[in-house]
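Notes for the structure review
Take a look at the letters that make up each chain.
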Amino acid sequence: MTIAVVQGVPVPVEELDAREARLRDGPLAAALPAVGTSEGRQLRRWLTQLIVTERVVAVEAEVLDVDLDNAPAEDDLLPDIAARLEIGSIAAAALADPRARALFARITADVAVSDDDVAAYHDRNPLRFAGSRPDHHGWRSPATTIPPLPEVRSVIAEHLRAAARRRAFRVWLDQRRADLVQLAHGYEHPGDPRQPDNTHRH
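To keep things clear, this report deals only with the structure shown in the data block. (Residues numbered from 1 in each chain as written. Predicted model: local features only at pLDDT ≥ 70, side-chain atom pairs only at ≥ 80, totals over all residues. Heavy atoms only, no water.)

Some points on the overall build of the protein
Note the following rule: A helix here means a DSSP run of H or I that spans at least four residues, while a strand means a run of E at least two residues long, and both kinds are numbered starting from the N terminus. Here the radius of gyration uses the C-alpha set of atoms, whereas the globule reference equals 2.2 Å times the residue count to the power 0.38. The rule is simple: take the accessible area with a 1.4 Å probe, protein chains only, and divide by the maximum for that residue type; under 20% is buried, over 50% is exposed, in between is partly exposed. Whether two residues touch is decided by their heavy atoms; if any such pair falls within 4.5 Å, the residues are in contact. Note on areas: these come from Shrake-Rupley sampling with a 1.4 Å probe, and a residue is covered only by the protein chains present in the view. For the purpose of counting charges, residues Lys and Arg are taken to be positive, whereas Asp and Glu are taken to be negative. His and the chain ends are not included. Throughout, a charge is located at the NZ atom of Lys, the CZ atom of Arg, the CG atom of Asp or the CD atom of Glu.
For the protein, the helix and strand inventory stands at 8 helices and 5 strands. From first element to last, N terminus to C terminus, the protein shows the α and β order β-β-α-α-α-α-α-α-α-β-β-α-β. In summary, the protein has a C-alpha radius of gyration of 21 Å against a globular reference of 17 Å for 202 residues, an excess of more than 25%. Along the longest, intermediate and shortest principal axes, the C-alpha atoms of the protein span 65 × 40 × 30 Å. Within the span of the protein, comprising 202 residues, buried residues form 35% of the whole. Look at the contacts in the protein between residues 6 or more apart in sequence, and 71% of them connect residues 24 or more apart. Carbon and sulfur atoms make up 55% of the accessible area of the protein, which totals about 12,100 Å². Positive and negative charge centroids in the protein, built from 25 and 31 side chains respectively, lie 3 Å apart.

Re the sheet that holds strand 2 (residues 9-12)
Applicable threshold: A pair of strands is considered paired only if DSSP assigns at least 2 bridges between the two. Lines fitted to C-alpha atoms define the axes here, with helix axes fitted over just the stretch in contact, and angles between the N-to-C directions of these axes take values from 0 to 180 degrees.
Ordered in space as 2-1-5, the 3 strands form an open sheet in which the pairing is antiparallel. The sheet terminates laterally at strand 2 and strand 5 (181-183), the two strands that pair on one side only. Sheet twist, expressed as the average angle between the axes of neighbouring strands with direction ignored, equals 25°. Bridge count for strand 1 (residues 2-6) against strand 2 is 4 bridges, and the pairing is antiparallel. Opposite Val6, over in strand 2, you have Val9 as the bridge partner. Lying on the sheet, helix 1 (residues 13-24) is in contact with strand 1 and strand 2; it crosses strand 2 at an angle near 40°. Against the sheet, helix 8 (residues 149-180) contacts strand 1 and strand 5, and its axis sits at roughly 70° relative to strand 5.

This is the structure in structure tokens:
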């Protein structure tokens, strides 16, 4: 039985079973949903997405002949939880692979932000990159003085470009999955409204 086909190559259900078994034998086993439940099936769908994404990354890395020696560090691309949430759990998990990080670098190399974007961000978030200062007790207090734009321009530009690169990579990866992957019935994306386990409960 296959769970998906990636560029004509079947992905056997045994690969998914093995991935799930490793998770269930690992340190996070107690936090995982029970086998056979709606949540358990959603976990398998999520793992399916990760497996096919890894295969798409492998295909694209070979096609584009990316240089793994120049792959950025994972922490450089995903420095915090907000960045991981922004790019999505599947893409974030895939970026543990240096091939995916090398692809990220290649695909997003030309992403840029304009001076107008930087100025508009500073207008909307004037204290975002203002430095805090120690008070007379040594505690750090929130900044109250808006730094001039020239003082924070480079850090804002870096912040915005990093977010734009994550967005560009996520969009590119979604498109490549749409082009290369056919999922078997029962292994749809966890968020696909057509599958029966995608229900909103309280």
